[in-house]
Protein chains: 2
Amino acid sequence: MLAKTLAAFASAVCLCCPAFAADQAPASGAGAANPYAGNIVRLSMITVDPAQLDAYKVMAAEVGRESMKREPGVRVLYSMQEQKDPTRFYILEIYASEAAYKHHIQTAHFQKYKQGTLKMVKDLQLIDCDPLVPEALIKRENVP
Amino acid sequence: MLAKTLAAFASAVCLCCPAFAADQAPASGAGAANPYAGNIVRLSMITVDPAQLDAYKVMAAEVGRESMKREPGVRVLYSMQEQKDPTRFYILEIYASEAAYKHHIQTAHFQKYKQGTLKMVKDLQLIDCDPLVPEALIKRENVP
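Residues numbered from 1 in each chain as written. Chains lettered and ligands numbered in written order. Predicted model: local features only at pLDDT ≥ 70, side-chain atom pairs only at ≥ 80, totals over all residues. Heavy atoms only, no water.

K.L.:
Any chance you could explain the packing of helix H3 (residues 53-70) of chain B against helix H5 (residues 108-116) of chain B here in plain terms?
P.N.:
In a pair of packed helices, the angle between the axes and the distance between the axes together describe the arrangement. Residues and elements named next belong to chain B. As a packed pair, H3 and H5 sit with axes 9 Å apart at the nearest point and diverge in direction by 165 degrees. In terms of orientation, H3 lies roughly antiparallel with respect to H5. Note that H3 runs across H5; the crossing there is left-handed. Residues Tyr 56, Met 59, Ala 60, Glu 62, Val 63, Glu 66, Ser 67 and Arg 70 of H3 form the contact with H5, whose own contacting residues are His 109, Phe 110, Lys 112, Tyr 113 and Gly 116. Across the contact of H3 with H5, the residue classes break down as six nonpolar, three polar and four charged. (Axes fitted to C-alpha atoms, helices over the stretch in contact; angles between N-to-C directions. Helix = DSSP H or I, 4+ residues; strand = E, 2+ residues; numbered from the N terminus. Parallel < 35°, antiparallel > 145°, perpendicular 65-115°, else oblique. Left-handed = near helix turned anticlockwise from the far one by under 90°. Contact = heavy atoms within 4.5 Å. Nonpolar A, V, L, I, M, F, W, Y, C, P; charged D, E, K, R; others polar.)

K.L.:
Even after reading the chapter, I still don't get the sheet that holds strand S2 (residues 74-82) of chain A, so can you show me in this structure?
P.N.:
Backbone-to-backbone hydrogen bonds pair the strands of a sheet. The strands run either parallel or antiparallel. An order of S1(A)-S3(A)-S2(A)-S4(B)-S1(B)-S3(B)-S2(B)-S4(A) is seen for the eight strands of this closed barrel, with the pairing classed as antiparallel. Ignoring which end each strand starts from, the neighbouring axes of this sheet average 35 degrees apart. Bridging between strand S1 (residues 40-48) of chain A and strand S3 (residues 88-95) of chain A involves eight bridges; their strand directions are antiparallel. Looking across to S3 of chain A, one finds that Thr 47 of chain A is bridged to Arg 88 of chain A. Contacting strand S1 (40-48), strand S2 (74-82), strand S3 (88-95) and strand S4 (121-131) of chain B, H3 of chain B crosses the sheet at an angle of about 165 degrees to S2 of chain B. (Pairing = 2+ DSSP bridges.)

K.L.:
In this structure, what is going on with the pairing of S1 of chain A? I would like to understand it.
P.N.:
Strand residues, when the strand is regular, have side chains that alternate between the two faces of the sheet. For S1 of chain A, a buried count of nine out of nine residues is recorded, marking the element as mostly surrounded by other parts of the structure. Burial along S1 of chain A is two-sided: Ile 40, Arg 42, Ser 44, Ile 46 and Val 48 of chain A facing one way and Val 41, Leu 43, Met 45 and Thr 47 of chain A facing the other are all buried. (Buried < 20%, exposed > 50% of the residue type's maximum accessible area, 1.4 Å probe, protein only.)

In structure tokens, the structure reads:
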């Protein structure tokens, strides 16, 4: 009985570990064999007006936080500023599916970012990619 | 008593959830307030000989898997191939600390990759970055 209780509890605790739970969920549809098959992986390269770096960083951080918090289909939105040339930014974007991406660009937080940074962004390159090791996204093991 | 047992068990289960556990561990030193403070974030941009793409992908995938599996200090090693120009690769590398990075480049699996791809890699740019939202690395919440 105790074993059964603990097993049920362990299951509940694992559901409370969202990174792990999200990682195991199918990308789209029920019973998908490969949860990464439908993922969209993109690297955005952005050049920002030097006079507006701080303002851009605030908006980029906000859309990152909001998207990761509110959109289950946004698996990663990780934004970086280049140290050597601080006008250069990179964002690794991973969406669970095409539908998740389409939903993302219609959200209020994305539109706020998009419209709010129109005059800050001097150049934007969207580089669609295929991951070499899709499951490497989130560390599963911590073997010394 | 049962509550205490469950609490201890929950703690043990959380340790079994490596993404979460690693995410909460200090980057370096004991009791670091910000587990991301010492992180090294780098985007590597690599151009590969078109005649050796498949061989490169095998080696890059292997070093990614080995590093993520064997090195606690390698938080992310996520490699991507550009769809439009398949000779272009990008690797997001996040190390817990400078020491973790130095350890990484001395490992057998990294050296195998480095030496094995010397004649495949035509260009290599290492772009050191600062993350805008360091904690966005791993999704913590899955709010609909």
